[in-house]
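Coordinates in review
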Amino acid sequence: FADNSFDAVLCVYLFHELPRHVRAKAAAEMARVVSPGGTVVLTDSVQKGDRPILDQALPNFKNLNEPFYVDFLNDDLGAHFESEGLVPETKISSSNTKSLSFSKPGQLSL
């Protein structure tokens, strides 16, 4: 897709399936294609510290054919997006799911 071609970019339950360096590349691509003033939303599993009561059990998912999950649990997902110039907006956790949103500085063109 062309640079700045979408007002919103959504990613749902993908990042825990990727090695860290690919997560960084995916975040960079989302930042590249979202328009100035647009929003990027990432939804995935909670990570360590999001729901402390679950912290000890979360690594057990690696036993369910999730080879990158333990690294995902400790990865600073926001840093991938912030390093691409996106600004953190919201963080919502519910049950075992977390959503993060980021905005790209600028104004949407009408």
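Because the structure is a prediction, the values reported are computed rather than measured.

Re unusual backbone geometry
In most cases, non-glycine residues show a negative phi, while peptide bonds are predominantly trans. Although it is not a glycine, Asn 4 adopts a positive phi angle of roughly 55 degrees. As for its position among the elements, Asn 4 is in the segment before strand E1 (6-12). Take Asn 4: its relative accessible area is 37%, and that puts it in the partly exposed class. Residue Tyr 13 is not a glycine yet carries a positive backbone phi of 50 degrees. Structurally, the position occupied by Tyr 13 is in the loop between E1 and helix H1 (20-33).

Comments concerning the packing of aromatic side chains
A full pass over the atoms with the stated rule returns four aromatic pairs. Geometrically, the ring pair formed by Phe 15 and Phe 81 is stacked, given 5.8 Å between the ring centres and 10 degrees between the ring planes. A residue pair is termed long-range when its members are at least 10 positions apart, and Phe 15 in the loop between E1 and H1 and Phe 81 in helix H3 (residues 77-82) qualify at 66 residues. Look at Phe 81 and you get buried, because its relative accessible area is 0%. Relative to Phe 102, the ring of Phe 81 lies with its centre 4.6 Å away and its plane at 15 degrees, an arrangement referred to as stacked. Taken together, the residues span a long stretch of sequence, with Phe 81 in helix H3 and Phe 102 in strand E4 (residues 97-103) at a distance of 21 residues. Chaining the aromatic ring pairs together yields one cluster made of Phe 15, Phe 81 and Phe 102.

Section: the sheet that holds strand E3 (residues 87-94)
Pairing is mixed in the open sheet, where four strands are placed in the order E1-E2-E4-E3. Across the chains shown, the open sheet's two edge strands, defined by having one partner strand only, are E1 and E3. The sheet shows a mean angle of 15 degrees between the axes of neighbouring strands, direction not considered. Sheet topology places E3 next to E4; seven bridges connect them, and they run antiparallel. Within E4, the residue paired with Ser 93 across the bridge is Lys 98. H1 contacts E1 and strand E2 (34-45) of the sheet and is inclined by roughly 150 degrees relative to E2.

Basis of the calculations
Residues numbered from 1 in each chain as written. Predicted model: local features only at pLDDT ≥ 70, side-chain atom pairs only at ≥ 80, totals over all residues. Heavy atoms only, no water. Helix = DSSP H or I, 4+ residues; strand = E, 2+ residues; numbered from the N terminus. Buried < 20%, exposed > 50% of the residue type's maximum accessible area, 1.4 Å probe, protein only. Phe/Tyr/Trp six-rings, centres within 6.5 Å; stacked < 30°, edge-to-face > 60°. Pairing = 2+ DSSP bridges. Axes fitted to C-alpha atoms, helices over the stretch in contact; angles between N-to-C directions. Contact = heavy atoms within 4.5 Å.

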